[in-house]
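Architecture and fold: a report
Below, each chain spelled out in residue letters.
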2 protein chains.
Amino acid sequence: MGVIDRKEREKVEMKRQILDAARSLFLEQGFEKTSIRNIAEVIEYSAGTIYLYFKDKNEILFALHVEAFGALMQAMQAGIMSENDPFERLVALGKHYLKYAFENPELYDLMFVMTAPMETLECREEIWCDGERAFETLKFVVGECMQAGYFEGFDNETFSVMVWSLVHGLATLHLRRRTMIFAEEKRIQLLEDAYAQFVQIIKQYKSLAA
Amino acid sequence: MGVIDRKEREKVEMKRQILDAARSLFLEQGFEKTSIRNIAEVIEYSAGTIYLYFKDKNEILFALHVEAFGALMQAMQAGIMSENDPFERLVALGKHYLKYAFENPELYDLMFVMTAPMETLECREEIWCDGERAFETLKFVVGECMQAGYFEGFDNETFSVMVWSLVHGLATLHLRRRTMIFAEEKRIQLLEDAYAQFVQIIKQYKSLAA
DNA sequence: TGCATTTCTGAACACTGTTCATTTTATTTG
DNA sequence: CAAATAAAATGAACAGTGTTCAGAAATGCA
């Protein structure tokens, strides 16, 4: 029965086409302003066809969400591997997280800012699993730092939330254009400096406790 | 000419009615899901009437934006006044910022997360002025801390960006439901602890430099 | 009262997400 | 190969959206 195999392949290919078109449109003009008809036009099918492959618009967002988390996890893993010292690993983790956010603004948005998929798919456990796995990675690296004598006396989870909040704050302030209040040429520098400053502060904390 | 005075008053009152209805609907069900017809229904006028008072839906958002910043500034000023020590002032500033964010989620969203008004009204200088004034307040307090010997060797603006990013990160992670990965009963505690931890770390930094 | 202004309405336009009977296309069977 | 069956794609329809604008209603002034 090679036919049903091929049918399966074709279904997957079609989903791919839809997702690719949707991602590029979302990146270009955002989720709300992209219509199903827009996506259908790109892949040269009628709007109704899309509903044969995805339940609704949110399901498309959800599929992209899963893929985006996969990519982020990969980027973060790469960051971890490139360093040996636990603290430098944490620093690299944050850097790669920020890099990913700046290079994939709409996807980052979808993963950590958008509420649309969260509200409609609140029951969906999988959505949180992705986020949790990423956070577990952070906690793991923070744990390694602690074993190496850093951040003494702090709770791992709490400390990880603090680190996450800081990088997430830097990312969203910029992605949502709130750094507009600064001169254009120094925006990125300011964010990088702020991150470097944070790193310096938490690093020093160890020296004191030690 | 008491007539045109009254007309003026009536115009202002009508704008108030529209803004109040809009704010409550936005808070309830969000910006996107609130339609002009919804707002019109609440104030018992036809949809077309609203366009006699506001250019479009974004203009309503913008007006609420201005008011919301006024309220935040007031909340922050109150926070500053209640403390004498510069560092405690900074701590209180952050606390009140977070308090405002958690108590006015949709307004905070509109001020620091939404891109809708930013894109459409990109040319509008006033929008940035509000944000800038709030940031200047933070910088001022950080400056006072520095004069008192805290955060030695750091750049005021960079340091302020770091502080802002942290509290903004805490706020948005929670408002956008990303703290769902934690047990419900400890979510708020975790955020408060993370903030307290951050405060402890930046406070300690001074002791070392001194 | 009559006339001029201002205020408001409600229909219309082009768009949205989504559904579904109908048509087109592909596969299997006789 | 032709007919019957199954699968896939369509496009019209529905109820909704933001926005505009000719005309109706209300108001102000003489």
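Because the structure is predicted, anything quoted here is derived from the model rather than measured.

A word on the overall build of chain A. Of the regular secondary structure elements, chain A holds 10 helices and zero strands. Counting from the amino terminus, helix and strand elements in chain A follow one another as α-α-α-α-α-α-α-α-α-α. The principal-axis extents of the C-alpha atoms in chain A amount to approximately 65 × 50 × 30 Å. Within chain A, counting contacts between residues at least 6 apart in sequence, those at least 24 apart form 69% of the total. Counting 24 positive and 33 negative side-chain charges, chain A places the centres of these two groups 3 Å from one another.

Looking at DNA strand D, there are 18 residues lining it, with Ser 46, Thr 49 and Tyr 53 of chain A together with Arg 6 and Tyr 51 of chain B nearest. Of all atoms in DNA strand D that approach within 4 Å of the protein, 68% are sugar or phosphate atoms. Here a phosphate oxygen of DNA strand D sits 2.6 Å away from a polar atom, N or O, in the main chain of Ser 46 of chain A. Taking Thr 34 of chain B, its main chain carries an N or O atom lying 3.2 Å from a phosphate oxygen of DNA strand D. Where the surface near DNA strand D is concerned, the elements lending two or more residues are α3 (47-50) of chain A together with α1 (2-29) and α2 (36-43) of chain B. Examining the composition of the surface near DNA strand D, we find that three residues originate from one element, α1 of chain B, more than from any other. For the surface near DNA strand D, a count of residues per class yields six nonpolar, five polar and seven charged.

The next thing to look at is the relation of the copies chain A and chain B. Structural alignment of chain A on chain B gives an RMSD of 0.1 Å, achieved by rotating through 180° and translating 0.0 Å along the axis. Overall, the copies show the geometry of a two-fold rotation axis. Both copies present the same face, since 100% of the interface residues in chain A are matched by interface residues at the equivalent positions in chain B.

As a further point, take the UniProt feature "DNA-binding region" (unreviewed entry) in chain A. What UniProt calls "DNA-binding region" (unreviewed entry) maps, in this numbering, to residues 35-54 of chain A. A distance of 14 Å separates the end C-alpha atoms of residues 35-54 of chain A, which is 60% helix and 0% strand.

Under the UniProt annotation, the feature "domain: HTH tetR-type" (unreviewed entry) is placed at residues 12-72 of chain A. The annotated region residues 12-72 of chain A carries 75% helix and 0% strand content, and the separation between its end C-alpha atoms amounts to 23 Å.

With that settled, consider the protein's contact with DNA strand C. Contacts to DNA strand C come from 19 residues, most closely from Arg 6 and Tyr 51 of chain A together with Ser 46, Thr 49 and Tyr 53 of chain B. In DNA strand C, atoms within 4 Å of the protein come 65% from sugar and phosphate. Within the contact set of DNA strand C, a phosphate oxygen lies 2.9 Å away from a side-chain nitrogen or oxygen of Ser 35 of chain A. Here a base nitrogen of DNA strand C sits 3.5 Å away from a polar atom, N or O, in the side chain of Arg 37 of chain B.

Scanning all chains against the criterion turns up 28 aromatic pairs over all chains. Consider the rings of Phe 154 of chain A and Phe 159 of chain A, whose centres lie 5.7 Å apart with planes at 35°: the pair is tilted. In this structure, Phe 154 of chain A and Phe 159 of chain A share a single accessibility class: buried. Summarising the aromatic geometry, the rings of Phe 112 of chain B and Trp 164 of chain B are spaced 6.1 Å apart at their centres and angled 75° between planes, so their arrangement reads as edge-to-face. Of the two residues, Phe 112 of chain B is situated in helix α6 (residues 105-112) and Trp 164 of chain B in helix α9 (residues 156-175); the sequence distance between them amounts to 52 residues. Both residues of the pair, Phe 112 of chain B and Trp 164 of chain B, count as buried.

We now examine helix α4 (residues 57-81) of chain B. Across its 25 residues, α4 of chain B extends 37 Å between first and last C-alpha, which sits within 8% of the 36 Å expected from 1.5 Å per residue. Taking the backbone nitrogen of Asn 58 of chain B as reference, a side-chain oxygen 3.2 Å away marks Asp 56 of chain B as the first, capping residue of α4 of chain B.

This brings us to the environment of Ile 60 of chain A. Residue and element names in this part refer to chain A. Looking at the element boundaries, Ile 60 is found in helix α4 (residues 57-81). Overall, the relative accessible area of 0% leaves Ile 60 in the buried class. Each C-alpha atom, one on Ile 60 and one on Asp 85, is 40 Å from the other, the two residues being 25 residues apart in sequence.

With that settled, the discussion passes to the domain arrangement of chain A. The figure often quoted for interface size is the accessible area lost as the parts come together. Residue and element names in this part refer to chain A. In terms of domain boundaries, chain A breaks down into domain 1 (1-54) and domain 2 (64-209). Computed from C-alpha coordinates alone, the two centres of domain 1 and domain 2 are separated by 31 Å. Each side of the interface is counted separately: domain 1 has eight residues, and domain 2 has six residues. Together, Arg 23, Leu 27 and Phe 31 form the three largest contributors to the area buried by domain 1 at its contact with domain 2, with a combined 59%. Where domain 1 packs against domain 2, one counts two salt bridges. With a shortest N-O distance of 3.1 Å, Glu 67 and Arg 16 are connected by a salt bridge. Among the residues forming the side of domain 1 that touches domain 2, the class breakdown is five nonpolar, one polar and two charged.

This part covers the pattern of salt bridges. Residues and elements named next belong to chain A. Evaluated as defined, the whole model comprises 26 salt bridges over all chains. Glu 136 is the partner of Lys 139 in a salt bridge, and the nearest nitrogen-oxygen pair spans 3.7 Å. In this pair, Lys 139 and Glu 136 both sit in helix α8 (residues 125-147), three residues apart, roughly one turn of the helix. What you see here is one network of salt bridges that share partners, running through Arg 16, Asp 20, Arg 23 and Glu 67.

This paragraph deals with the interface of chain A and chain B. With 49 residues of chain A at the interface, the matching set in chain B holds 49 residues. Both sides of the chain A and chain B interface together cover about 4700 Å² of buried area, and 68% of this is carbon and sulfur. Area buried by chain A at its contact with chain B is led by Arg 178, Ile 181 and Ile 201 of chain A, which between them contribute 15% of it. At the surface where chain A touches chain B, the tally comes to two salt bridges. For Lys 186 of chain B, the salt bridge goes to Glu 157 of chain A, with nearest N and O atoms at 2.7 Å. With 13 residues, helix α9 (residues 156-175) of chain A is the largest single contributor of residues to the side of chain A that touches chain B. Here the side of chain A that touches chain B is built from residues that sort into 27 nonpolar, nine polar and 13 charged.

Parameters at a glance
- Residues numbered from 1 in each chain as written.
- Chains lettered and ligands numbered in written order.
- Predicted model: local features only at pLDDT ≥ 70, side-chain atom pairs only at ≥ 80, totals over all residues.
- Heavy atoms only, no water.
- Helix = DSSP H or I, 4+ residues; strand = E, 2+ residues; numbered from the N terminus.
- Contact = heavy atoms within 4.5 Å.
- Lys, Arg positive; Asp, Glu negative; His and termini not counted.
- Charge placed at Lys NZ, Arg CZ, Asp CG, Glu CD.
- Near = heavy atom within 4 Å.
- Polar contact = N/O pair within 3.5 Å; in protein donor to acceptor, adjacent residues only side chain to side chain.
- Nonpolar A, V, L, I, M, F, W, Y, C, P; charged D, E, K, R; others polar.
- Least-squares fit on C-alpha atoms with pLDDT ≥ 70 in both.
- UniProt positions renumbered as here; feature names shortened; annotations may be inferred.
- Phe/Tyr/Trp six-rings, centres within 6.5 Å; stacked < 30°, edge-to-face > 60°.
- Buried < 20%, exposed > 50% of the residue type's maximum accessible area, 1.4 Å probe, protein only.
- Expected span 1.5 Å × (residues − 1).
- Domains from an automatic or database assignment.
- Buried area = accessible area lost by both parts, 1.4 Å probe.
- Salt bridge = Lys/Arg side-chain N within 4 Å of Asp/Glu carboxyl O.

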